[in-house]
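What the coordinates show
Listed below, chain by chain, are the residues.
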Amino acid sequence: MVNLKKINNKSMVQQVIDRLTQAILDKQLRPGDKIPTETELAESLGIGRSTVREAIKILVYIGVLEIKRAEGTYVCEGFSESMIDPMIYGIILCKEEDYDSLMELREMTEVSVLHLAILKNDEEGFAKVTEKLAALKEEFLKEDYDVDRAFEADNEFHDAVMAMGHNSLMEKINGIVRMLTYSMRKDSVAHMIKSGRGQELYAAHERICEIIKNKDESNLYEAIQETYFVEEK
């Protein structure tokens, strides 16, 4: 029987969640383990079954637990995309003054992505990156440019860099950050191309390719920041 402390004040559902997640962190419960039944948890914690049931529903929703019919409830054995949902909602609901925090998060994740690409650089992955760089150059330098196609080429280049890292968790997290910064990234590409600075934007991406090729980690933050262009107002 898992040893959980009794609950004796308000916010009981949250406290059940806290007790169960702490038991997982303490390795009293491990991935793949079956957790105690609702009745056993209610008795152990000194609360009603309905509270336990609600807490379990939440943990199932965010991907920490899974219910197997006719068997019981188990600790999930792997990462679930639903674990990210609460974080997405939290960021979306951030106040406008948290813009800088989002930009800092974007920078940190993109630097980490570049670090992994350098660390795990392989011939096939780098060939894909150079292929996407060539496509990006073509779109950025066209006289009859198309912003949507240029932005798609930009995304495909960064996706290729991400794939070189062979880290599914980082890929999911970076994907979320890129989703949340979608508008600002597209506006940046549009501004650079429309103002005739496509070559400058391409050069910043070319440098990333060179950094990966040379495995040069001396100025990763600077290299990433050089791909950020904000329209002056």
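Structure's up top.
Cut-offs and rules
Residues numbered from 1 in each chain as written. Predicted model: local features only at pLDDT ≥ 70, side-chain atom pairs only at ≥ 80, totals over all residues. Heavy atoms only, no water. Helix = DSSP H or I, 4+ residues; strand = E, 2+ residues; numbered from the N terminus. Buried < 20%, exposed > 50% of the residue type's maximum accessible area, 1.4 Å probe, protein only. Contact = heavy atoms within 4.5 Å. Expected span 1.5 Å × (residues − 1). Polar contact = N/O pair within 3.5 Å; in protein donor to acceptor, adjacent residues only side chain to side chain.

Moving on: the overall build of the chain. A count of helical and extended segments in the chain gives 11 helices and two strands. Going from N to C terminus, the chain has its helices and strands arranged as α-α-α-β-β-α-α-α-α-α-α-α-α. Scored against the burial criterion, the 233 residues of the chain give a buried share of 40%. By sequence separation, contacts in the chain at least 24 residues apart represent 69% of the contacts at least 6 residues apart.

For helix 7 (residues 147–164), with 18 residues, the first-to-last C-alpha span of 26 Å sits near the 26 Å given by 1.5 Å per residue. Every buried residue belonging to helix 7 is among Val147, Ala150, Phe151, Ala153, Asp154, Asn155, Phe157, His158, Ala160, Val161, Met162 and Met164, and all of these are buried. Where the residues of helix 7 are buried, they touch helix 5 (99–119), helix 6 (123–140), helix 8 (168–180), helix 9 (182–194) and helix 10 (198–214). Regarding helix 7, its N-cap is Asp146, as a side-chain oxygen of that residue lies 3.0 Å from the backbone nitrogen of Asp148 further along.

With that settled, the discussion passes to helix 1 (residues 12–25). When the terminal C-alpha atoms of helix 1 are compared, their 20 Å separation across 14 residues agrees well with the 20 Å that a helix rising 1.5 Å per residue should span. Every buried residue of helix 1 is listed here: Gln15, Val16, Ile17, Leu20 and Ala23. Those residues of helix 1 hidden inside the fold are in contact with helix 2 (38–45) and helix 3 (49–61). Of the residues one or two after helix 1, Lys27 is the one with positive phi, at around 65 degrees.

Mapped onto the fold, Thr181 is located in the loop between helix 8 and helix 9. Residue contacts for Thr181: discarding those within four places in its chain leaves Leu102 and Arg106.

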